[in-house]
Each structure stands twice: as C-alpha cells, then as structure tokens.
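Secondary and tertiary structure notes
Here are the chains, one letter per residue:
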Amino acid sequence: AQSVTQPDIHITVSEGASLELRCNYSYGATPYLFWYVQSPGQGLQLLLKYFSGDTLVQGIKGFEAEFKRSQSSFNLRKPSVHWSDAAEYFCAVGAKGSTLGRLYFGRGTQLTVWP
Amino acid sequence: GAVVSQHPSRVICKSGTSVKIECRSLDFQATTMFWYRQFPKQSLMLMATSNEGSKATYEQGVEKDKFLINHASLTLSTLTVTSAHPEDSSFYICSAGDPGGEPQHFGDGTRLSIL
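These figures come from a predicted structure and were not determined experimentally. (Residues numbered from 1 in each chain as written. Chains lettered and ligands numbered in written order. Predicted model: local features only at pLDDT ≥ 70, side-chain atom pairs only at ≥ 80, totals over all residues. Heavy atoms only, no water.)

Here we take up the pattern of salt bridges. Side chains bearing opposite charge may pair, as long as their charged atoms lie close to each other. One pass over the structure, following the stated rule, counts six salt bridges over all chains. Note that R77(A) is salt-bridged to E66(A), the shortest N-O span being 3.3 Å. On the criterion of sequence distance, the pair formed by R77(A) in strand 9 (residues 73–78) and E66(A) in strand 8 (residues 64–68) is long-range, its members being 11 residues apart. With its nearest N and O atoms 2.8 Å apart, the salt bridge here joins K66(B) to D88(B). With a gap of 22 residues between them, K66(B) in the loop between strand 6 (57–58) and strand 7 (67–73) and D88(B) in the loop between strand 8 (76–81) and strand 9 (90–96) connect regions that are remote in the sequence. Taken individually, K66(B) and D88(B) each receive the classification buried, so the pair is uniform in this respect. One continuous salt-bridge network, built from bridges that share partners, spans E64(A), E66(A) and R77(A). (Salt bridge = Lys/Arg side-chain N within 4 Å of Asp/Glu carboxyl O. Helix = DSSP H or I, 4+ residues; strand = E, 2+ residues; numbered from the N terminus. Buried < 20%, exposed > 50% of the residue type's maximum accessible area, 1.4 Å probe, protein only.)

Now for the state of the cysteines. As used in these notes, a disulfide is a covalent bond between sulfur atoms, one from each of two cysteines. A complete count under the given rule lists two disulfides over all chains for this structure. The disulfide that involves C23(A) links it to C91(A), with 2.0 Å between the sulfurs. Taking the torsion about the S-S bond as the criterion, the C23(A) to C91(A) disulfide, at about -65 degrees, is left-handed. Residue C23(A) is found in the loop between strand 3 (19–21) and strand 4 (24–26), and its partner C91(A) is found in strand 10 (residues 87–95); the two are separated by 68 residues along the sequence. There is no split in this pair, since C23(A) and C91(A) are both buried. The disulfide that involves C23(B) links it to C94(B), with 2.0 Å between the sulfurs. The chirality of the disulfide connecting C23(B) with C94(B) is right-handed, given an S-S dihedral of about 80 degrees. With C23(B) in strand 3 (residues 19–25) and C94(B) in strand 9, this pair connects stretches of sequence that are 71 residues apart. Considering cysteine sulfurs only, C94(B) is the nearest to C13(B), which forms no disulfide, with 18 Å between them. (Disulfide = S-S within 2.5 Å.)

Geometry only, nothing functional implied.
Put into structure tokens, the structure is as follows:
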C-alpha cells in the first residue's frame, strides 16, 4: 500500500539554525516525490520535486532534499532557517505521470521558528 | 502567479445549505482535477478525482450524493456540498495537473464553516 510517513509532528528551531524534516514513503512503483509548504489558511506551494536523475534536488527558498532509495526516504533540508519559513510542510508521493494521478500525503510537520 | 484559482476562499452558512466551490485552471487545460479535504492539524485526504466530460471517481467512504462534482470544461471543476451540516466544516483544496509535465498545482483552498 502507498503511504507517506512524516515522523515529526512539530519541530522548533532557532532562526539561523539548520533544519531537516524527515519523510519516508512506501510505494509499489518508482515514485515521484514532492515537498509542499502550506501557510495558515492557504493552499500548497511546491518547494521541490524528484522525478529522476540526481538524487539531491534543489528547490525554492533555499531548500533541498535528498532521495535515498535504500532508505525509502526523501528528507528536506535547509542550512539556515528564516523566520518566514514557519509553516506546515507536507511530503507527498505519486506515480510517474502523477501530473494526472493522485498524490499521497504525509500528515505534515509544523515548523516553528524562534527569533 | 497562481495557475489554479479556487473560489470562494471562505464560506460561512447555515446548516442545510448547499455550497458550490469552483476550481479553475488558468494557464492550461486540465482533463483531471483533484479535490482534497483537510481537517485541522491533519493532512490532505483525497476525496475524488474529477474527470472532464465524465463522472468523477470517488474515494472509499466519500458520499457521492453529498459531494457533487462537475467537470464541465477543461478549465473548470466544481464541488457542491449538498445540504451541508456542521460536520462538513473543513478546508477543501483542489489541484490540477498540467499535461505539459509539471507537477500538480494547488488552489488556495476554501474554508467552509457550517453553523
């Protein structure tokens, strides 16, 4: 069965500190992997995606993620967090061609940034 | 700018009212759109897949007669919550895939509150 696990419900970091949000997935086929960010009361904004190729992908706002097939993980990282990064982060997985197919979401990780 | 527009952003209405939510793709034609529901502090749960010119495909446990979906054109899908009750209060988000190969784009969501 397809599933996405984000083990951390809530993470708090100080501004300027590094960040890593964990994501593990279970998927029966070659996965397409995504990270989205959601501000309160807003829709989802795509941070980055992995389809194939280089397993370290760069996204917007200074975020990056690394696909590790052996660990079924796609962790999101940022070397120095800004206060504006405080939001909810969702990891998602879909099939190749997932443009036209459904996505499976993790439950999300709430990020709080202390000044 | 936004490529998927969702309207309205917020609705407050009395119990028993039917509410229509629109999802429009602005820059591309979307043969498939998706409707998600998000409860507070929880992830997005797919409700149904909206297919242009044909019936929507509903996820298990989603009442077809309660949540009516119409995808009458390649740029518009609507979700109508019929005879809404307080338990239908939630955040509803639509998404659409660009057949050109980009990942799905999400609307900004609709906050539905039933009194």
